[in-house]
Amino acid sequence: MIARPAGGAARLIPAIDTGDLARAEALAAALAGRCGVLKVGLELFCAAGAPAVAAVTRHAPVFLDLKLHDIPNTVAGALRSLLPLRPAMVTLHAGGGPAMVAAARDAAERAGADRPLLLAVTVLTSMDAAALAATGVADSPAAQVLRLARMAVAAGADGLVCSPQEAALLRAELGPGPALVVPGVRPAGSAAGDQARTATPAEAVAAGADWIVVGRPITGAADPAAAAASIAATLPG
Ligand SMILES: O=c1ccn([C@@H]2O[C@H](COP(=O)(O)O)[C@@H](O)[C@H]2O)c(=O)[nH]1
């Protein structure tokens, strides 16, 4: 399993969100060495599939962010299908429940010591309290994140995806055990876009994030490598 980063650039995970494999390869080549891990998400995987993971893996370990969410048998099968791609991290939605998380953990263990870190997505960082209420959850995002996080870790998740606004709460309640991978991160002055629960890179790490995920502020920059380097320079060790 991938080790927790010691600090600095190793904490940074740029999100390679593009449907164009050639652009993804160019971004991966430019960003390798300025980050610890590269993220392949739904846009790139749906456009280019396994070859995209292979292409990005040539430059850095891959966080395969597919947010699996289905019945336990199907999620376990999906995990088994993904293992030959050797992702360093894989996501699934905590909302799939404990049996789904446990089935995914069993499936991931087939890869032995080299298995991917299994990360449970709690409440998407694009959701504010009103969006959460619209799904029938009256609690605050923080309360729901904590509820899902406790359940997912007990069921076998190695770590959690949360916003920077819940990282300190999860560290206080769950301790140092679960890895925390934190999107919704914005350098000061960057547009939030559709992200609702945000903080800066340094704030996210100070709150307890092991890794931070940053997409558009890097990929939308005129010089993505320089943008990544400037974010990495703000990250404490
Ligand atoms: O709760 C979540 C879970 C995953 N993501 C992913 O992270 C990146 C963020 O991209 P930005 O351009 O920095 O907003 C993106 O790939 C999401 O799918 C998330 O944002 N929130």
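Cut-off values and rules
Residue numbers here run from 1 along each chain, matching the order of that chain's written sequence. Two thresholds apply to this predicted model, a pLDDT of at least 70 for residue-level local features and 80 or more for giving and counting side-chain atom pairs, whereas whole-chain, interface and lining totals are computed over all residues. Working from all heavy atoms in the structure, the side-chain values ignore hydrogens and water. UniProt positions are given in the numbering used here, feature names are shortened, and annotations may be inferred rather than shown by experiment. A cutoff of 4 Å decides nearness: a residue is near a molecule or strand if any of its heavy atoms lies inside that distance of it. Nitrogen and oxygen atoms within 3.5 Å of one another constitute a polar contact, given that in protein one can donate a hydrogen and the other can accept it, and given that sequence-neighbouring residues count only through two side-chain atoms. In the cavity and pocket records, a cavity denotes points on a 1 Å grid over the protein atoms alone where a 1.4 Å probe fits but cannot get out, a pocket denotes an open set with protein on both sides within 12 Å along at least 5 of 7 lines, and lining residues are residues with an atom within 4 Å of a point. Occupancy of a cavity or pocket is assigned to a molecule whenever over half of its atoms lie within 2 Å of that pocket's grid points. Put simply, DSSP H or I for four residues or longer makes a helix, DSSP E for two residues or longer makes a strand, and each gets a number counted from the N terminus. What counts as a salt bridge is simple: a side-chain nitrogen of Lys or Arg found within 4 Å of a carboxyl oxygen of Asp or Glu. In this scheme, a residue with accessible area under 20% of its type's maximum is buried, one over 50% is exposed, and one in between is partly exposed, where area comes from a 1.4 Å probe on protein chains only. By arc we mean the arc of the directions from the helix axis to the C-beta atoms, nothing more. By the convention used here, residues are in contact when the closest approach between their heavy atoms is within 4.5 Å. Note on definitions: angles span 0 to 180 degrees between N-to-C directions of axes, and those axes are lines fitted to C-alpha atoms, for helices only across the stretch in contact. With respect to orientation, any angle under 35 degrees is reported as roughly parallel, any angle over 145 as roughly antiparallel, any angle of 65 to 115 as roughly perpendicular, and every other angle as oblique. Crossings are sorted by hand: turned counterclockwise from the far helix by less than a right angle, the near helix makes the crossing left-handed, and turned clockwise it makes it right-handed. For this classification, the nonpolar set comprises Ala, Val, Leu, Ile, Met, Phe, Trp, Tyr, Cys and Pro, the charged set comprises Asp, Glu, Lys and Arg, and every other residue, Gly included, is treated as polar. In this description, a nonpolar core means a group of buried Ala, Val, Leu, Ile, Met, Phe, Trp, Tyr and Cys residues linked to one another through side-chain atoms lying within 4.5 Å. When DSSP finds at least two bridges between two strands, those strands are taken to pair. The handedness of a crossover follows from its direction of travel: if, with the strands pointing away from the viewer, the path from the first strand over the helix to the second runs clockwise, the crossover is right-handed.

As recorded by an unreviewed UniProt entry, the chain carries the name Orotidine 5'-phosphate decarboxylase and is attributed to Roseomonas nitratireducens. Per its UniProt entry, the chain bears the Sequence similarities (unreviewed entry) comment "Belongs to the OMP decarboxylase family. Type 1 subfamily." Checking UniProt for the chain, the heading Function (unreviewed entry) contains the comment "Catalyzes the decarboxylation of orotidine 5'-monophosphate (OMP) to uridine 5'-monophosphate (UMP)."

K.L.:
What is the right way to look at the site of the ligand in this model?
P.N.:
In the region of the ligand, 15 residues are neighbours, and D17, K39, T125, Q195 and R216 sit closest. The separation between a nitrogen atom of the ligand and a polar side-chain atom of T125 is 2.6 Å. Counting atoms within 2 Å of the grid points, the majority share of the ligand lands in the largest pocket. Secondary structure elements with two or more residues in the shell around the ligand: strand 3 (62-68) and strand 8 (211-214).

K.L.:
What is the right way to look at the pattern of salt bridges in this model?
P.N.:
Side chains that differ in sign of charge can pair as their charged atoms come close. This structure, assessed with the given rule, holds 13 salt bridges. A salt bridge links E173 to R150, with the nearest nitrogen and oxygen atoms 2.9 Å apart. In this pair, E173 sits in helix 8 (residues 164-174) while R150 sits in helix 7 (residues 141-155), placing the two residues 23 residues apart along the sequence. Residue classification places E173 among the partly exposed residues on the basis of a relative accessible area of 41%. The salt bridge involving R171 is made with D210; its shortest N-O contact spans 2.7 Å. Here the residue R171 occupies a position in helix 8, and D210 occupies one in the loop between helix 9 (201-206) and strand 8, the gap between them amounting to 39 residues. Each of R105, E109, R115 and D158 takes part in salt bridges that share partners, so that together they form one network.

K.L.:
It is not clear to me how helix 5 (residues 98-108) should be interpreted in this structure. Could you clarify?
P.N.:
Residues separated by three or four positions in an α-helix point in the same direction, a consequence of the helix having 3.6 residues per turn. Residues of helix 5 that are buried include every one of M100, V101, A103, A104, A107 and A108, and no others. The arc that holds every buried residue of helix 5, seen down its axis, measures 160 degrees, which confines them to one face. Tucked inside the fold, the buried residues of helix 5 contact strand 3, helix 4 (72-82), strand 4 (89-93), strand 5 (117-121) and helix 7.

K.L.:
Can you help me understand the UniProt feature "domain: Orotidine 5'-phosphate decarboxylase" (unreviewed entry) in the chain in this one?
P.N.:
In the numbering adopted here, UniProt assigns the feature "domain: Orotidine 5'-phosphate decarboxylase" (unreviewed entry) to residues 11-231. Overall, residues 11-231 shows 44% helix and 16% strand. The separation of its end C-alpha atoms is 10 Å.

K.L.:
Please explain the packing of helix 4 against helix 5 as it appears in this structure.
P.N.:
Working note: a packed helix pair is described by the angle between its axes plus the distance between those axes. The contact between helix 4 and helix 5 brings their axes to 8 Å, and the two run at 30 degrees. Considering the angle they form, helix 4 stands roughly parallel to helix 5. Note on packing geometry: the crossing formed by helix 4 with helix 5 is right-handed. Contacts between helix 4 and helix 5 involve P72, V75, A76, L79 and R80 on the former and, on the latter, A99, M100, A103, A104, A107 and A108. Of the residues in the contact of helix 4 with helix 5, the class split is 10 nonpolar, no polar and 1 charged.

K.L.:
Looking at this model, I keep getting lost on the nonpolar core. Mind explaining?
P.N.:
Nonpolar side chains tend toward joint burial in soluble globular proteins. Ranked by size, the top nonpolar core spans 63 residues in total, and within it L12, L79 and I212 carry the most contacts. Of all hydrophobic cores here, the second largest spans 14 residues; its members include F63, V121, V161 and V181.

K.L.:
Hey, could you run me through the pairing of strand 7 (residues 179-182) in this one?
P.N.:
With burial as the criterion, each face of strand 7 is covered, one bearing A179 and V181 and the other bearing L180 and V182. Here strand 6 (residues 159-161) runs beside strand 7; their pairing, made up of 3 bridges, is parallel. Looking across to strand 7, one finds that V161 is bridged to V181. In this structure, strand 7 lies alongside strand 8, joined through 2 bridges in parallel fashion. Bridging from a neighbouring strand, V181 pairs with W211 of strand 8. Crossover handedness for the path strand 7 to helix 9 to strand 8: right-handed.

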